[in-house]
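Summary of the model geometry
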Amino acid sequence: MPLTLGFLASVLILLPGLVALAAFNFRVGRAGTRRPEQQLTAISAIVAAVIISVIAHYLGWLVSVGAIDAAVAIHDAFPTIQWGEAATNPLLTVYNVITGGKPVPAREAVAPAALLALEIFAILGFLAGDSFDLFLERLDWSGQGWVFQHITRPAENGYAPIGHVFTSTMSGSYGVAYKGVVIDTRQGANGEVLSIALARPERFLYEIGHSEGQPAGDDQPSGVTTHAKDYVGGVVQLDSRIITNIVVHSIAQSLLEEIVPDEEQEEPIS
Amino acid sequence: MNWAFSGMALFQTVGLVLSGLVVLVAFWPLRGIVKDIWQLPCVISLQPRSRSSAVLLPGLFLFFVLTLVLGPDHFYGRAFLVAVLTPTPALLLIRHLAWRSADPEERTAAAEIRNELAGRLHEPPVTPLKSWPQFVFDLERVRRRSEYQPPPI
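The structure presented is a predicted model; accordingly, all values stated were derived computationally and were not measured.

Observations concerning the overall build of chain B
Each helix and strand counted, chain B has 7 helices and 0 strands in total. Secondary structure of chain B in N-to-C order comes out as α-α-α-α-α-α-α. What you see for chain B is a C-alpha radius of gyration of 22 Å, clearly larger than the 15 Å of a compact globule of 153 residues, by over 25%. Considering only C-alpha atoms, chain B reaches an extent of 85 × 45 × 25 Å along its principal axes. In chain B, which comprises 153 residues, the share counted as buried stands at 34%. For chain B, the exposed area adds up to about 9,900 Å²; of that, 71% sits on carbon and sulfur atoms. Here chain B contributes 15 positively and 11 negatively charged side chains, and the mean placements of these two sets differ by 4 Å.

The following block contains the structure:
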């Protein structure tokens, strides 16, 4: 796209919507689970940017009308207060520039810029507020799928998502697996898991089939045996190339603290 | 050096302090229009009956006073002043009412949730002895957390 003055002017008009998208992407990126953010060329992103910009400018126009009228009202009630002559509505100035094509004097051009800054701060204030957080909480906006239901939501509601990650690091019929609290997952554009990180995990061997001389018992009909665990500690990050499968169980934090009372408080998750 | 003894320096310093105070007061409507008014729909929708009256009563009172002071003309101007000046005190009132009606257990649970979030966002922790700005929302988080069912194991 060639960078013309017209392009910059349209960006300026769409700026509230673009700021909303950027702030929203930042919010989503703050969680421990992450998917690539919405591309600006995606239809839904453009529609959202245009709608939010239109609403923001409409509210900005209402605010300007109200503010100018309030100044006039105060002057009429107390004639000693002099504000100078009544300003043009900043959005009317913008409209006149677009339709008339005449340059505006600098003292009139300040007002649209100030109004734009006000609109952007209002959008940031709304998106960063707790009310938007509560509104968003139960919805899977970034399309995380099973990760949202089994990792993000439990972690936000006082549960610890405990992940068993079976890796493809095999030796004969033995493989390496890790068990720990999921603290971070990365997902690709289609929702596939790219990597997963476990906090203070335990490592253990799993075995497919049965050792020689040990008949298959009824208690292990699946033929998968797990062996003793050793504590690894720290954080283990597992890449999707070596992950065979992931099992996640959500355990209540309070229950975990009862089982392991001397262990220090879990790290904040997600 | 006439100006050195005329008291002008003192007046200008006092003027600087006064203008600082005026700027602080001017932040009240700015905060109302930028931040607080957008919290009202969510706060009201959590408890519509009591909280809509907690917003409407100060708003209508302010409208009445403004009409007495500014006269019956310029409706948009008065409506704007009400919309800008009401949200901040209304939110304070709602928070105070919610704090009064909450049990000590609810306050403690809300403080726990707030401290969990505050630790994640590097904000100062709170105590359940005194209310904090996001208390109303943390109370709702307590309710949602008690209702939450994890996926079956």
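Okay, back to it.
Thoughts on the pairing of strand β2 (residues 159-171) of chain A
Residue and element names in this part refer to chain A. Relative to strand β7 (residues 243-252), β2 runs antiparallel, the two sharing 9 bridges. Within the sheet, the bridge partner assigned to Pro 161 lies in β7 and is Ser 250. As paired strands, β2 and strand β3 (residues 174-187) are joined by 7 bridges and run antiparallel to one another. Considered in β3, the bridge of Ile 162 is made with Val 181.

Digging into the interface of chain B and chain A
Listed per partner, the contact involves 28 residues of chain B and 40 residues of chain A. For the chain B and chain A pair, buried surface summed over both sides reaches about 3,100 Å², with 65% attributable to carbon and sulfur atoms. Three residues, B:His74, B:Arg144 and B:Tyr148, lead the burial of chain B against chain A; their summed loss comes to 21% of the area buried on that side. At the boundary of chain B with chain A, the tally comes to 4 salt bridges. With a shortest N-O distance of 2.7 Å, A:Asp133 and B:Arg141 are connected by a salt bridge. Counting the contacts that link chain B with chain A gives 11 residue pairs in polar contact (both at pLDDT 80 or more). Looking at the side of chain B that touches chain A, the elements with two or more residues in it are α1 (8-34), α3 (48-70), α4 (75-85), α6 (104-121) and α7 (135-147) of chain B.

A word on the packing of α1(B) against helix α5 (residues 87-101) of chain B
Residue and element names in this part refer to chain B. Running from N to C, α1 and α5 point in directions that differ by 75°, and their axes come no closer than 8 Å. Considering their axes alone, α1 and α5 lie roughly perpendicular with respect to each other. Between α1, through Trp 28, Arg 31 and Gly 32, and α5, the contact on the second element is made entirely by Pro 87, Thr 88 and Pro 89. Of the residues in the contact of α1 with α5, the class split is 3 nonpolar, 2 polar and 1 charged.

Re the environment of A:Thr225
Looking at the element boundaries, A:Thr225 is found in strand β5 (residues 224-231). Overall, A:Thr225 belongs to the buried group, its relative accessible area being 13%.

Details of the confidence of the model for chain B
Interpreting fine coordinate detail is not advised for predicted regions of low pLDDT. All names here are of chain B. The predicted model of chain B has a mean per-residue pLDDT of 89, with 97% of residues at 70 or higher. Taken element by element, chain B is modelled with least confidence in α6, mean pLDDT 87, and with most confidence in α4, mean pLDDT 93. At the level of chain-chain contacts, confidence expressed as ipTM amounts to 0.82, with global pTM at 0.79.

Some details on the side chain of B:Thr86
Residue and element names in this part refer to chain B. Mapped onto the elements, Thr 86 comes out in the loop between α4 and α5. Exposure remark for Thr 86: the relative accessible area of 8% places this residue in the buried category. In terms of polar contacts, Thr 86 uses its side chain to reach the backbone carbonyl oxygen of Val 82, at 2.5 Å. In contact with Thr 86, not counting residues within four places along its chain, are Val 55, Pro 58, Gly 59 and Leu 62.

About the cut-offs
- Residues numbered from 1 in each chain as written.
- Chains lettered and ligands numbered in written order.
- Predicted model: local features only at pLDDT ≥ 70, side-chain atom pairs only at ≥ 80, totals over all residues.
- Heavy atoms only, no water.
- Helix = DSSP H or I, 4+ residues; strand = E, 2+ residues; numbered from the N terminus.
- Rg over C-alpha atoms; globule rule 2.2 N^0.38 Å.
- Buried < 20%, exposed > 50% of the residue type's maximum accessible area, 1.4 Å probe, protein only.
- Areas by Shrake-Rupley, 256 points an atom, 1.4 Å probe, with all protein chains shown as cover.
- Lys, Arg positive; Asp, Glu negative; His and termini not counted.
- Charge placed at Lys NZ, Arg CZ, Asp CG, Glu CD.
- Pairing = 2+ DSSP bridges.
- Contact = heavy atoms within 4.5 Å.
- Buried area = accessible area lost by both parts, 1.4 Å probe.
- Salt bridge = Lys/Arg side-chain N within 4 Å of Asp/Glu carboxyl O.
- Polar contact = N/O pair within 3.5 Å; in protein donor to acceptor, adjacent residues only side chain to side chain.
- Axes fitted to C-alpha atoms, helices over the stretch in contact; angles between N-to-C directions.
- Parallel < 35°, antiparallel > 145°, perpendicular 65-115°, else oblique.
- Nonpolar A, V, L, I, M, F, W, Y, C, P; charged D, E, K, R; others polar.
- pLDDT = per-residue confidence, 0-100.

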